[in-house]
Amino acid sequence: VQLVESGGGLVQPGGSLRLSCAASGFTFSSYAMYWYRQAPGKERELVAAISSAGGSTNYADSVKGRFTISRDNAKNTVYLQMNSLKPEDTAVYYCNVVRMREYWGQGTQVTVSS
């Protein structure tokens, strides 16, 4: 199993970013996928989740209405569209899958600052 995140960067408050996570080594379309984040000095927290077919999504209260999780099962990729970004969204963002055990990508840094 391999998960590779991309799309992070530095953005001003109110801006947008789109994160991608390319998955390989398993039947992507059979598994729910998750985005987590970890800010400096804080525990890793679940940001968003999407079901295997993409028909069901869930979000942390802190990102509801601003972030959208989606997936393209033909491309084995899960996305996180982040709008109206705030400084408190600054963190390393990870994608995750649970397949007998948890697998994590290397993470992508998102910094929201003016």
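Structure shown above.
Procedures and definitions
- Residues numbered from 1 in each chain as written.
- Predicted model: local features only at pLDDT ≥ 70, side-chain atom pairs only at ≥ 80, totals over all residues.
- Heavy atoms only, no water.
- Disulfide = S-S within 2.5 Å.
- Helix = DSSP H or I, 4+ residues; strand = E, 2+ residues; numbered from the N terminus.
- Buried < 20%, exposed > 50% of the residue type's maximum accessible area, 1.4 Å probe, protein only.
- Salt bridge = Lys/Arg side-chain N within 4 Å of Asp/Glu carboxyl O.
- Pairing = 2+ DSSP bridges.
- Contact = heavy atoms within 4.5 Å.
- Polar contact = N/O pair within 3.5 Å; in protein donor to acceptor, adjacent residues only side chain to side chain.
- Axes fitted to C-alpha atoms, helices over the stretch in contact; angles between N-to-C directions.

**Q** Mind laying out the state of the cysteines, listing which residues take part and the relevant values?
**A** The tally for this structure, following the rule as stated, stands at one disulfide. Here C21 pairs with C95 through a disulfide, and the sulfurs are 1.9 Å apart. In this structure the cystine formed by C21 and C95 twists about its S-S bond by roughly 45°; its chirality is therefore right-handed. Residue C21 is located in strand 3 (residues 17–24), and its partner C95 is located in strand 9 (residues 91–99); the two are separated by 74 residues in the primary sequence. The burial state of C21 is the same as that of C95; both residues are buried.

**Q** Explain the pattern of salt bridges residue by residue, including any values.
**A** Evaluation of the coordinates by the stated rule reveals four salt bridges. Between E45 and R37 there is a salt bridge, with the nearest N and O atoms lying 2.6 Å from each other. When its relative accessible area of 6% is taken as the criterion, R37 is described as buried. Between K64 and D61 there is a salt bridge, with its nearest N and O atoms 3.2 Å apart. With a relative accessible area of 65%, D61 lands in the exposed category. One connected set of salt bridges, linked through shared partners, spans R37, E45, R66 and D89.

**Q** So what's going on with the pairing of strand 8 (residues 77–82)? Residues and values would help.
**A** Most of strand 8 is tucked away, with five of its six residues classed as buried. Bridge analysis of strand 3 against strand 8 gives six bridges, and the strand direction is antiparallel. Residue pairing for strand 8: C21 is matched across the bridge by V78. In this sheet, strand 8 lies alongside strand 7 (residues 67–72) in antiparallel orientation, the contact comprising six bridges. Looking across to strand 8, one finds that I69 is bridged to L80. Here strand 7 folds back onto strand 8 in antiparallel fashion, the turn holding four residues, of which N76 has a positive phi close to 55°.

**Q** Mind laying out unusual backbone geometry, listing which residues take part and the relevant values?
**A** In the Ramachandran plot, N76 falls in the positive-phi region, its phi being about 55° despite a non-glycine side chain. Exposure remark for N76: the relative accessible area of 27% places this residue in the partly exposed category. Although it is not a glycine, S84 sits at a positive phi angle of roughly 50°.

**Q** How would you sum up the environment of R44? Please name residues and give values.
**A** Structurally, R44 can be placed in the loop between strand 4 (33–38) and strand 5 (45–50). As for R44 and L85, which are separated by 41 residues in sequence, their C-alpha atoms are 18 Å apart. For R44, the residues in contact, after removing those within four places along its chain, are Y36, R37, Q38, Y94 and W104. There is a polar contact of 3.4 Å between the side chain of R44 and the side chain of Q38.

**Q** Report on the sheet that holds strand 8, specifying residues and quantitative values.
**A** One key point about sheets: their strands pair by backbone hydrogen bonds, in either a parallel or an antiparallel sense. Spatial strand order, 1-3-8-7: four strands in an open sheet with antiparallel pairing. Looking at which strands have only one partner, the edges of the open sheet turn out to be strand 1 (2–6) and strand 7. Direction aside, the axes of adjacent strands within the sheet are offset by 15° on average. As defined by bridge partners, strand 1 adjoins strand 3 across five bridges and the pair is classed as antiparallel. What sits directly across from E5, in strand 3, is C21.

Just geometry here; none of it tells us what the structure is for.
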